[in-house]
There are 2 protein chains.
Amino acid sequence: MMHAEILPIGDEIVSGQIVDTNSPWLSARLEELGVHVLYHTSVGDEIDPLADTFRLAVARSDIVIATGGLGPTADDLTRPALAKAVGRKLVTDQQALEHIRQMFARRKRPMPKSNEVQAEFPEGSRVVRNPSGTAPGIELDAPRPNGQVCRVVCLPGVPAEMKEMWHDSVAARLRQFGAGKRLIRRKLIKCFGAGESQMEAMLPEGFLRSRRPAIGITASQTSIIFRLSGEGTTEAECFVDMQPAIATIRERLGNLVFGEDDDELEHAVVRLLRQQKKTLAVAEWGTAGLVSEWLGAVPESDAVFRGGLVAASAEALKGPLGIAAELLERHAPGSREVVEAMAAGARQRFGVDLALAAGRFPPLDPSAKEPKPVVFALAGPAGVTAREVPFAGHPAVLKVYCAKQALNTVRLAMMGK
Amino acid sequence: MMHAEILPIGDEIVSGQIVDTNSPWLSARLEELGVHVLYHTSVGDEIDPLADTFRLAVARSDIVIATGGLGPTADDLTRPALAKAVGRKLVTDQQALEHIRQMFARRKRPMPKSNEVQAEFPEGSRVVRNPSGTAPGIELDAPRPNGQVCRVVCLPGVPAEMKEMWHDSVAARLRQFGAGKRLIRRKLIKCFGAGESQMEAMLPEGFLRSRRPAIGITASQTSIIFRLSGEGTTEAECFVDMQPAIATIRERLGNLVFGEDDDELEHAVVRLLRQQKKTLAVAEWGTAGLVSEWLGAVPESDAVFRGGLVAASAEALKGPLGIAAELLERHAPGSREVVEAMAAGARQRFGVDLALAAGRFPPLDPSAKEPKPVVFALAGPAGVTAREVPFAGHPAVLKVYCAKQALNTVRLAMMGK
């Protein structure tokens, strides 16, 4: 089995100013190729520690993936540090230079002289194409003390560019280098509507201690995620082991399961809307635009999601939704009456089949014995229904939790529950 | 200056299943004590790589903080790996054993025999009290090849326990060990509206190579951030060094600077609205609710931000904003005419002083020679103005980029630019 080391580079990482999410992502991708990641080493923007880190990583790993430090400024030291570590000169790579020129030309901006430094590669390197950014990546095969070869790949630290480059060429080139002979595949089963231990109690005794497939459970942003992983030489072989466990989870948890893998609740909702050919609009207060933003980000949602109204004041309910000032004077903004009027108003004004409303959050009062609920309402051809959800939990996840409760309101209604 | 290395330990980290947020937190705390963190090394649950990592860290650092691997199960290897690295025997620490017994007694649960292993410390270690968990921490002073001493501290991986232990005793004991004689304080200057290299070119030659104060520059979600750090024996002294550099950045970059430290563009906008006692509403299409969500999340924004309309279809412009069907038939959804009408309609319907509109994004067409622009409009008492921004860059950050362009439209207008 091949071993890899990931090197996230930059003062902003070792000084704690940003959380490195690139390395977990790369670890998961490498694992899919059957490559075992042994180390993540973050190092700051200083040439000698950086060169030492490259040297050690090359000595102990088959594959080294570095992220960051490829920019044009003086503190971008990945190129010279790698050159120093492997004892090669920096030379201008014409292909890389051409790539950088083209990126500036496409953006119709003059290319500053300082960006030329981004084409200075350790001798013998190859360019890794960066379809969306100016910094080309570097691929270099370096000899190891044990006589073998280490494949070093340097990618930009910008997550979107790094990921695009991985899919564009890095993964395929690592396969040519010998990775991917044994595969590991993961399956996620996503649930919402109950806690971790409640769901665990609904499953057979010892279910989570299974090793083949390995099964884990995590709470993430108030969703509960079952992680299954299987091994094999083909994709199909990896999944065979997982099928019975997936069936058990789906059977025992029923409607608590809303999707798999990258699915979020909004994907489930858009799927139902498309299947049933219904249009949806949203009127939200406490969730502050999150429900609309999530729905709008689902590919192909534009055929079924018409738009939303984000209220940050009672004024926003009058003009855009046509709610009478009188009703707003009589009832509190988060009350059942107002939230139902939001749903009815949105249905009429947006001209949709279904309108979802999420009420204003009650003021946070830690001394209150019983927290006030948040009201959600759904307006459809048959009228308006409302449900109340107790407002509890950590303030940091309340908005996300309520946005998910809102989406779950539509999901359960459309499934006829 | 003392140097530190942080060792996050565990398969779940190197395999990418969880994102390590402990290390950035510890880096920030160490930096406040004037300790410079040079490396974060994550390593999996394997005894030899773990012992090698401890050995290297002890050799090159004054302080080593490890997190994780202190549990009672077979894959918790921090104790034996540290013992191996420093060449000491594991012995049962009576104080640690007593601590574990008490934790179980307090929870009224019997203590499994397997938990006794958590009291096996490398000879010469001291116990670090864990007020809330069963795993006591380890403190050990180990000799370095250079004749100095390295302070090793092992803490649990559970963030809440780790943080509590830091405040309870670790920080104070590191001060006794010699940290905190010199402090480091950081200042961030946040900019938007030009690229990294463009901004660098506006600054004096060599500005970013300054070491006192140290100055770095990073692009984060299309904002450009200058990171300054100053050293001293008091807080005030730390900031003295930074003042001239901050003044230079502000003077040279002018309106590109929108804030400091935790500021985002929406904070700058809310500040201006409050100062000038104006109310704002938003009508957005391509940015899909992001502008409303950001504004709504600013503390005290509710006095000035009234709400927003999120359009995902032309239908959403008719009912809620009162835009005539005729106009929408004559002009494309992202056109100047429609975006201006969105701003005017939002101003009237939300009853606000200022209404900001962000247009629909043009369809992504990689083959098009010239990307179409995104239109932003602002309606105020004097009428509607619009600006067009070229639509370029990575699709993953386009929404964020355009939401920032939208906020910057209001910011610049309110500053009279």
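Before reading further, recall that the structure is shown in the block above.
In this report, we go over the structure that sits alongside the text.

Comments concerning the sheet that holds strand β9 (residues 183-191) of chain A
All names here are of chain A.
Here comes step 1: Read across the open sheet, the 4 strands follow the order β10-β11-β9-β12; overall the sheet is antiparallel. Edge positions in the sheet fall to β10 (214-220) and β12 (257-260), since each has one partner strand and no second. The sheet shows a mean angle of 25 degrees between the axes of neighbouring strands, direction not considered.
Here comes step 2: The pairing of β10 with strand β11 (residues 223-232) spans 7 bridges and is classified as antiparallel. The residue bridging S220 from the neighbouring strand is S223, located in β11.
Here comes step 3: Sheet strands touched by helix α9 (residues 243-253): β9, β10, β11 and β12. Its angle to β12, the strand with the most contacts, is close to 155 degrees.

What to know about helix α3 (residues 47-60) of chain A
The α-helix advances 3.6 residues per turn, and as a result positions three or four apart in sequence lie on the same side.
Here comes step 1: Taking 1.5 Å of rise per residue, 14 residues should cover 20 Å, and α3(A) covers 20 Å from first to last C-alpha, within 8% of that figure.
Here comes step 2: Within the span of α3(A), buried status applies to P49(A), L50(A), A51(A), T53(A), F54(A), A57(A) and V58(A).

Notes on the interface of chain A and chain B
Here comes step 1: Contact residues are listed per partner, giving 66 residues for chain A and 67 residues for chain B.
Here comes step 2: A combined buried area of about 5300 Å² lies between chain A and chain B, and 55% of that area is made up of carbon and sulfur atoms.
Here comes step 3: With its nearest N and O atoms 3.5 Å apart, the salt bridge here joins K399(A) to E293(B).
Here comes step 4: Summed over the shared surface of chain A and chain B, the result is 17 residue pairs in polar contact (both at pLDDT 80 or more).

A look at the sheet that holds strand β9 (residues 183-191) of chain B
Residues and elements named next belong to chain B.
Here comes step 1: Spatial ordering of the open sheet is given by β10-β11-β9-β12, a layout of 4 strands whose pairing is antiparallel. The open sheet has two edge strands, β10 (214-220) and β12 (257-260), and neither has a second partner. This sheet shows a mean twist of 25 degrees between the axes of neighbouring strands, independent of strand direction.
Here comes step 2: Pairing of β9 with β12, which is carried by 3 bridges, proceeds in the antiparallel orientation.

Considerations on the pairing of strand β16 (residues 373-380) of chain B
All names here are of chain B.
Here comes step 1: Counting buried residues in β16 gives 7 out of 8 residues, a clear majority hidden from the surface.
Here comes step 2: Where strand β15 (residues 354-358) lies against β16, 4 bridges are found, and the strand directions are antiparallel. Bridge pairing in β16 places A358 opposite F376.
Here comes step 3: Of the strand pairs in this sheet, β16 and strand β17 (residues 383-390) are connected by 8 bridges, and their pairing is antiparallel. Each residue of the ladder has a partner; that of F376, found in β17, is R387.
Here comes step 4: Counting the residues between successive antiparallel strands, the hairpin from β16 to β17 contains 2 residues.

Considerations on the side chain of D45(A)
Here comes step 1: Considering the arrangement of structural elements, one finds D45(A) in the loop between β2 (36-43) and α3.
Here comes step 2: As a buried residue without a salt bridge, D45(A) has its nearest oppositely charged side chain in R227(B), at a separation of 4.7 Å.
Here comes step 3: In contact with D45(A), other than residues within four places in its own chain, are I9(A), G10(A), D11(A), E12(A), D75(A) and L77(A).

A few points about a negative patch on the surface
All names here are of chain B.
Here comes step 1: On the surface, D11, E12, E46 and D75 cluster together into a patch of negative charge.
Here comes step 2: By the element assignment, D75 lies in the loop between β3 (63-67) and α4 (78-86).
Here comes step 3: Since its relative accessible area comes to 42%, D75 is described here as partly exposed.

What about the nonpolar core?
Here comes step 1: L317(A) and L317(B) are the most contacted members of the largest nonpolar core, which totals 48 residues.
Here comes step 2: Non-local contacts of L317(A), meaning those with residues more than four positions away in its chain, are made with W285(A), L309(A), A311(A), G322(A), I323(A), L328(A), V338(A) and M342(A).

Quick word on unusual backbone geometry
All names here are of chain A.
Here comes step 1: Although it is not a glycine, T222 sits at a positive phi angle of roughly 70 degrees.
Here comes step 2: Looking at where T222 falls in the secondary structure, it is placed in the loop between β10 and β11.
Here comes step 3: Notably, A288 is not glycine yet its phi reads approximately 60 degrees, a positive angle.
Here comes step 4: As for its placement among the helices and strands, A288 is situated in the loop between β13 (280-284) and α11 (290-296).
Here comes step 5: Residue classification places A288 among the buried residues on the basis of a relative accessible area of 10%.

Thoughts on the side chain of T134(A)
Residues and elements named next belong to chain A.
Here comes step 1: Positionally, T134 belongs in the loop between β6 (126-128) and β7 (137-143).
Here comes step 2: Given the relative accessible area of 17%, T134 is considered buried.
Here comes step 3: In this structure T134 touches H99, I100, M103, F104, R107, N115 and Q118, once residues within four positions along its chain are discounted.

Things to note about the packing of aromatic side chains
Here comes step 1: Taken as a whole, this structure holds 4 aromatic pairs over all chains when the rule is applied.
Here comes step 2: Between F192(A) and Y401(A) the ring centres are 6.0 Å apart and the planes differ by 50 degrees, which places this aromatic pair in the tilted class. Note that F192(A) is positioned in the loop between β9 and α7 (196-202) and Y401(A) in helix α15 (residues 395-414), a separation of 209 residues in sequence.
Here comes step 3: A ring pair is formed by W25(B) and W166(B), whose centres lie 6.4 Å apart and whose planes are at 85 degrees; its orientation type is edge-to-face. Here W25(B), found in helix α2 (residues 22-32), pairs with W166(B), found in helix α6 (residues 159-177); they are 141 residues apart in sequence, far enough to count as distant. An identical accessibility class is assigned to W25(B) and W166(B); each is buried.
Here comes step 4: If you follow R29(A) out to its NZ or CZ, it ends over the ring of W25(A), 4.8 Å from the centre.

Some remarks on the packing of helix α9 (residues 265-275) of chain B against helix α14 (residues 395-414) of chain B
Residues and elements named next belong to chain B.
Here comes step 1: Their axes nearest at 9 Å, the elements α9 and α14 cross at an angle of 30 degrees. On the basis of the axis angle, α9 is roughly parallel to α14. Judged by the sense of rotation from one axis to the other, the crossing of α9 with α14 is left-handed. Across the interface between the two elements, L265, E266, A268, V269, L272 and L273 from α9 touch K404, L407, N408, V410, R411 and M414 from α14.
Here comes step 2: Among the residues making up the contact of α9 with α14, the classes are represented as 8 nonpolar, 1 polar and 3 charged.

Quick notes on the pattern of salt bridges
Two side chains of opposite charge can pair, provided their charged atoms sit close to one another.
Here comes step 1: This model, assessed by the stated rule, comprises 55 salt bridges over all chains.
Here comes step 2: Through salt bridges with shared partners, a single ionic network connects R126(A), E139(A), D141(A), R151(A) and R173(A).

Thoughts on helix α5 (residues 94-106) of chain B
Residue and element names in this part refer to chain B.
Here comes step 1: Taking 1.5 Å per residue, 13 residues should reach 18 Å; α5 reaches 18 Å between its end C-alpha atoms and fits that length.
Here comes step 2: For α5, the complete set of buried residues consists of A96, L97, H99, I100, M103 and F104. Along the long axis of α5, the arc covered by the buried residues comes to 160 degrees, so they all point the same way. When the buried face of α5 is taken as reference, the exposed residues oriented beyond 90 degrees from it are Q94, Q95, A105 and R106.
Here comes step 3: Contacts made by the buried residues of α5 are with β4 (90-92), β5 (120-122) and β6 (126-128).
Here comes step 4: Two or three places before Q95, at the start of α5, stands the capping residue D93, its side-chain oxygen 3.0 Å from that residue's backbone nitrogen.

Definitions and cut-offs
Residues numbered from 1 in each chain as written. Chains lettered and ligands numbered in written order. Predicted model: local features only at pLDDT ≥ 70, side-chain atom pairs only at ≥ 80, totals over all residues. Heavy atoms only, no water. Pairing = 2+ DSSP bridges. Helix = DSSP H or I, 4+ residues; strand = E, 2+ residues; numbered from the N terminus. Axes fitted to C-alpha atoms, helices over the stretch in contact; angles between N-to-C directions. Contact = heavy atoms within 4.5 Å. Expected span 1.5 Å × (residues − 1). Buried < 20%, exposed > 50% of the residue type's maximum accessible area, 1.4 Å probe, protein only. Buried area = accessible area lost by both parts, 1.4 Å probe. Salt bridge = Lys/Arg side-chain N within 4 Å of Asp/Glu carboxyl O. Polar contact = N/O pair within 3.5 Å; in protein donor to acceptor, adjacent residues only side chain to side chain. Lys, Arg positive; Asp, Glu negative; His and termini not counted. Patch = residues over 30% accessible without salt bridge, like charges linked within 9 Å, V, L, I, M, F, W, Y side chains within 5 Å. Areas by Shrake-Rupley, 256 points an atom, 1.4 Å probe, with all protein chains shown as cover. Charge placed at Lys NZ, Arg CZ, Asp CG, Glu CD. Core = buried A, V, L, I, M, F, W, Y, C linked by side-chain atoms within 4.5 Å. Phe/Tyr/Trp six-rings, centres within 6.5 Å; stacked < 30°, edge-to-face > 60°. Lys NZ or Arg CZ within 6 Å of the ring centre and 35° of its normal. Parallel < 35°, antiparallel > 145°, perpendicular 65-115°, else oblique. Left-handed = near helix turned anticlockwise from the far one by under 90°. Nonpolar A, V, L, I, M, F, W, Y, C, P; charged D, E, K, R; others polar. Arc of directions from axis to C-beta.

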